[in-house]
Amino acid sequence: MPTYNIVDEGADDTGADAIDPVLGDLVGSDTTIEFPPGTYELNELVVQSGTNDLELIAPDGARLVPGQSGDSIRWIDVSSNGFVLDGFELDMRNTTVPPFVRMNSSAGNWELRRLITRGRVRAATDSNVGSNTSSDARTYFRLSAAEGTRGLLQDCYFHEGSCAPTEASNRRAILVESAKGALTFNRCWFESWGENTIYAKKPEGRLKILNCFVRNTQNGMRLGGFTDVRNCVSIKNDRHPRQTWSGGSLQRGVNAEATDPANSSAGINTYDGTLLIADSDFYHRYLDSSCGGAITAPTPCQRIDVQNVRISYDSTKNHDAIYTYNATQNDGTPANLEYLQLEDVHVTNDHNSEYGVYIGQEPDTWGTVSGVIGGSGPQTNSSFVGNRMTTNGNPTPPDTTPPLPSPPPLGEVPMEPSQLVRIDNNGNSSPTTFQITAGEYVLPAGNDGATIPTEWGPDGEPTRPPNAEVATGTIPAGQTYAFYVTGGIVSTEAEGPATWTVDGEPYDPGAEDIFRINTINSGGQQNQNQWQQANSVVQPNGIAIAKPLSHNGGQPCHVRLRNVADGNFEYKLEEWQYLWPPYNGPHPSETFHSLAAEPNEREIQLSDGTSYRVKGGNVSIQANQNAWSTDDFVTVSLDGFFPSGTPVVLAQPQTFNGADPVVTRLRNVSNSSFGVRLQEEEAKGAHVTETVGYIALQQATGELDGTPFEVQRTSTTFTNQWTRITFQQQYESPQFIGDVQTFNGGDTVHLRYRNLSGTGVEVKVEEEQSYDNESTHFAREAIGYTVFEGSP
């Protein structure tokens, strides 16, 4: 499969010139076209049938802007199989009437992922106020899928809506006019749409609307049978934009409307099948006739199944919170409700004249009816419901937490940055259990055909950010699950035959986050006050060690950290205070490597099966004495975790409570404890309390999950003279972290390195000159170091 970088191929990434000529030459089957960050003007992309498996991806986000304006103009129009559009801002802020995006009925196995629309969307007929014709309605996304295929709309945000609430608007976000294939909308955000937000009552194929959020739109979801709505939230607490033809009065939550008779040749079937609404919440409390019922069935489909739903309702509209009516389809056939279930349904109804649950059409068969109806309004007109649900009770209020992260700011795309964890149980005959713990949250994904679980929370239910840091469950044989993880993978567990990958690379669950090792190039630092950010370099609540520093700049210097949290840290190249005037100027670019670990004890197996131990922790230290004093050392116990042998200890301040430059010093490192203190420059002395993080590592040489590494302690031979350390094995891209293990000389020191290669490195103990001009460190010190193989 060829992969092209569209900028390298000649496309303009400033938005000044349309990319159509370049893109048109690259489009082909089994082709991936990558878009680096930038702005790209696109007039029209038409992917004809037969141009299969074309992917347009922006791994780090990019912006597409339409080159044309108009309702009848196509922007992206796909008739092929396997099309992917991933990672783009669709920016209509300067487009009067945006063109449409369409997946045609012949298209299949397409995926529209991590897309975000920018700017309010108008229609050409917006000025036609009071037209009284719904044919004026216009649609932004038109989605269909061929029989036997699937389509995925995932992590897409339509949150700025159509026009303003005070304007006339007849734009809808999504239209599924017909489809024989299976469609899934997963984690999509809809807000302020003036027409039917999701119009999908006709498709013959299965439709799943999962983990979506709808706020202050017209009909939120207009649906027929063969449809699942799970873990969704509908909110109506303000007016939505007015439609030109209806005045803006048709607001509902989930609306069952089986008005169209079956027409298999056209992929239409609104009646047959079950409409399932589960684990969802509705907050419809706006005292206006534009606020309609939460779950409504003016023309019921064959079966309606409502489970674990919470509703809070108040309005001036003549709608009940939940209702079914007697009605006929357009050909005069009765829309007969064969089955109705209301299981664990909680309704708070404060409408002064309409019911919490109104049964206008009794089903042929009742399923489970249970739950609670309360509030100041009428409870139910049905004795069957009233005898099985608690009335005048205390219903559980809806949880209005969105099932997906809030819309990202301008210039970012959804789920950026994140890791994609894929657990593939295809080709196996037994299930696999799994658990993923994330630094922020972990959410199911349907990428590349993966099955999207509907019960992945620790309690066997769906969960919502920010309380979605754990995903757990069982993957049946022959299926694949995928999850987006943000904030880093904290831990994983698995039992079963499935294979794991993270961002496409093989992954061993259970051993993922013992260490994080990174190479950081600082770039030039302009002055002593300039901090820089390093992202995704430390586990949440982890400990970071970032030393020693390279030796491009001759002034004594070390790395200072702060805000070590949430997967990141800030750093600066900290020269000593005696250098600030007059040398408080630029420091050249330096390189250092960082090692991060969690504040706990871990015993793991190396690739050869031998046991290996690592322990991390934090200690609060304050320096009260001068730089040479031994009184300020704090003894840290290792609690017998290392049964024999002297570990290597790496320590560094994690905080910036005191602005005076400071380093840590170690002494008496043994398998049972070590001493650590803060040390300012010699001319200074005391330092405020800082949190010092430490990582103690068992000495070893070998491989961890196939990655070569070594942890060793040198003899006591290192001074201010450059001395070479020869590694015990060879590396292609070594990452080197080290620390002084002894306090044989009391002058303030830190390490510097140079000439790092695959076989060794030169290191020296660097003093500063705040107290006197000499910088010779006569005492000999021992060095503890780690080397890990990095990425070339």
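Cut-offs used in this document
- Residues numbered from 1 in each chain as written.
- Predicted model: local features only at pLDDT ≥ 70, side-chain atom pairs only at ≥ 80, totals over all residues.
- Heavy atoms only, no water.
- Helix = DSSP H or I, 4+ residues; strand = E, 2+ residues; numbered from the N terminus.
- Areas by Shrake-Rupley, 256 points an atom, 1.4 Å probe, with all protein chains shown as cover.
- Lys, Arg positive; Asp, Glu negative; His and termini not counted.
- Charge placed at Lys NZ, Arg CZ, Asp CG, Glu CD.
- Salt bridge = Lys/Arg side-chain N within 4 Å of Asp/Glu carboxyl O.
- Patch = residues over 30% accessible without salt bridge, like charges linked within 9 Å, V, L, I, M, F, W, Y side chains within 5 Å.
- Pairing = 2+ DSSP bridges.
- Axes fitted to C-alpha atoms, helices over the stretch in contact; angles between N-to-C directions.
- Buried < 20%, exposed > 50% of the residue type's maximum accessible area, 1.4 Å probe, protein only.
- Contact = heavy atoms within 4.5 Å.
- Phe/Tyr/Trp six-rings, centres within 6.5 Å; stacked < 30°, edge-to-face > 60°.
- Lys NZ or Arg CZ within 6 Å of the ring centre and 35° of its normal.
- Polar contact = N/O pair within 3.5 Å; in protein donor to acceptor, adjacent residues only side chain to side chain.

Student: Before we go on, may I ask you to explain the overall build of the protein in this structure?
Tutor: When its secondary structure is counted, the protein shows three helices and 58 strands. The C-alpha extent of the protein, read off along each of the three principal axes, is 100 × 65 × 55 Å. Roughly 28100 Å² of accessible area belongs to the protein as shown, and the carbon and sulfur atoms make up 41% of that amount. For the protein, the distance from the average site of its 52 positive side-chain charges to the average site of its 97 negative ones is 4 Å.

Student: Explanation requested: the pattern of salt bridges in the structure shown.
Tutor: Opposite charge on two side chains allows them to pair when their charged atoms are near. The final tally for this structure, using the stated rule, is 42 salt bridges. Its salt-bridge partner being Asp281, residue Arg310 comes within 2.5 Å of it at the nearest N-O pair. With Arg310 in strand S25 (residues 303–314) and Asp281 in strand S23 (residues 281–285), the pair connects residues that are 29 residues apart, well separated along the chain. Note that Arg560 and Glu690 form a salt bridge whose closest N and O atoms lie 3.1 Å from each other.

Student: Help me understand a negative patch on the surface in this model?
Tutor: On the surface, a cluster of negative charge is made up of Glu343, Asp344, Glu455, Asp459 and Glu461. Topologically, Asp344 is positioned in strand S27 (residues 339–349).

Student: Mind showing me how you'd approach the sheet that holds strand S31 (residues 432–438) here?
Tutor: Note on sheets: strands pair through backbone hydrogen bonds, and any given pair is parallel or antiparallel. Overall, antiparallel pairing links the three strands, which are arranged S33-S31-S35 in an open sheet. The sheet terminates laterally at strand S33 (470–475) and strand S35 (489–495), the two strands that pair on one side only. When strand polarity is set aside, the average angle formed by the axes of neighbouring strands in this sheet is 10°. Here six bridges tie S31 to S33, and the two strands are oriented antiparallel to one another. What sits directly across from Thr437, in S33, is Val470.

Student: Would you take a moment to explain the environment of Gly267 for this structure?
Tutor: The topology assignment puts Gly267 in the loop between strand S21 (254–257) and strand S22 (274–278). Judged by its relative accessible area of 2%, Gly267 falls in the buried class. C-alpha separation for the pair Gly267 and Ser234, spaced 33 residues apart in sequence, amounts to 28 Å. Among all residues touching Gly267, those that are not within four sequence positions of it are Ser178, Ala179, Lys180, Lys202, Pro203 and Glu204.

Student: Explanation requested: the pairing of strand S8 (residues 84–91) in the structure shown.
Tutor: Looking along a regular strand, one sees side chains alternate from face to face of the sheet. Most of S8 is tucked away, with eight of its eight residues classed as buried. In this sheet, S8 lies alongside strand S6 (residues 54–66) in parallel orientation, the contact comprising six bridges. The residue bridging Arg63 from the neighbouring strand is Glu89, located in S8. Sheet topology note: the S8/strand S10 (residues 110–118) ladder contains seven bridges and is parallel. Of the residues in S10, the one forming a bridge with Phe88 is Leu115.

Student: Would you mind showing me how to read the sheet that holds strand S32 (residues 441–445) here?
Tutor: Within the open sheet, the five strands sit side by side as S32-S34-S30-S36-S37. Their pairing is antiparallel. Looking along the sheet, the strands with just one partner apiece sit at the ends: S32 and strand S37 (505–507). Across this sheet, the average inter-strand angle for adjacent strands is 30°, counted without regard to direction. Relative to strand S34 (residues 480–486), S32 is paired through five bridges, and the arrangement is antiparallel. Across the sheet, the residue bridging to Tyr441 is Thr486, located in S34.

Student: I'm lost on the packing of aromatic side chains in this one. Help?
Tutor: Centre distance and the angle of the planes are the two values used to describe a pair of aromatic rings. Following the criterion strictly, the structure yields 29 aromatic pairs and no others. Geometrically, the ring pair formed by Tyr140 and Phe158 is edge-to-face, given 6.5 Å between the ring centres and 80° between the ring planes. With Tyr140 in strand S11 (residues 138–143) and Phe158 in strand S12 (residues 150–158), the pair connects residues that are 18 residues apart, well separated along the chain. The pair formed by Tyr140 and Phe158 is uniform in burial state, with each residue classed as buried. Linked through ring pairs, Phe727, Tyr731, Phe736, Tyr753 and Tyr785 together constitute an aromatic cluster. Directly above the aromatic system of Phe100 lies the positively charged group of Arg142, at a separation of 4.1 Å from the ring centroid. Against the face of Phe633 rests Arg667, its NZ or CZ located 4.4 Å from the ring centre.

Student: Explain the pairing of strand S40 (residues 543–546) to me, please; I cannot follow it from the model alone.
Tutor: On S40, burial covers both faces: Ile543 and Ile545 on one face and Ala544 and Ala546 on the other are all buried. Here S40 pairs with strand S44 (residues 591–597) via four bridges, running antiparallel. Bridging from a neighbouring strand, Ala544 pairs with Ala596 of S44.

Student: Explanation requested: the environment of Asn81 in the structure shown.
Tutor: Locating Asn81 in the fold gives a position in the loop between strand S7 (74–78) and S8. Along the chain, Asn81 and Ile621 lie 540 residues apart, while their C-alpha atoms are 62 Å from each other. A distance of 3.4 Å separates the side chain of Asn81 from the side chain of Asn109, its partner in a polar contact.

Student: Teacher, can you tell me more about unusual backbone geometry here?
Tutor: What you tend to see is this: most non-glycine residues have negative phi, and most peptide bonds are trans. Omega for the peptide link from Glu416 to Pro417 comes to -5°, which places this bond in the cis form. Position of Pro417 relative to the elements: it lies in the loop between helix H2 (383–386) and strand S30 (419–424). The linkage connecting Lys547 with the following residue, Pro548, adopts the cis geometry, with an omega of 0°. Mapping Pro548 onto the fold places it in the loop between S40 and strand S41 (549–550). At Asn216, a residue that is not glycine, the phi angle is positive and equals roughly 50°. As for its placement among the helices and strands, Asn216 is situated in the loop between strand S17 (213–215) and strand S18 (221–223).

Student: Whenever I open this one, the environment of Gln729 confuses me. Can you help?
Tutor: With respect to the secondary-structure elements, Gln729 resides in the loop between strand S54 (723–726) and strand S55 (734–740). The exposure class assigned to Gln729 is partly exposed, which follows from its relative accessible area of 23%. Taking the C-alpha atoms as reference points, Gln729 and Gly702, 27 residues apart in sequence, are found 8.5 Å from one another. In this structure, Gln729 is in contact with Thr701, Gly702, Pro708, Phe709, Glu710 and Gly758, ignoring residues within four places of it in sequence.

Student: Before we go on, may I ask you to explain the side chain of Asn269 in this structure?
Tutor: Among the secondary structure elements, Asn269 is positioned in the loop between S21 and S22. Owing to a relative accessible area of 8%, Asn269 belongs among the buried residues under this scheme. Looking at Asn269, its side chain comes within polar contact range of the main-chain nitrogen of Tyr271, at 3.4 Å. Polar contacts involving the side chain of Asn269 include one to the side chain of Asp272, which spans 2.9 Å. When neighbours within four sequence positions are excluded, Asn269 is seen to be in contact with Lys201, Lys202, Pro203, Glu204, Phe226 and Ala262.

Student: Would you explain the side chain of Lys572 in this entry?
Tutor: As for its placement among the helices and strands, Lys572 is situated in strand S43 (residues 568–575). No salt bridge is formed by the buried Lys572, whose closest oppositely charged neighbour, Glu574, lies at an N-O distance of 4.3 Å. When near neighbours in sequence (up to four residues on either side) are disregarded, Lys572 contacts Gln525, Gln528, Gln530, Trp531, His558, Val559, Arg560 and Phe656.

Fair warning: the whole summary comes from geometry, so function is off the table for now.
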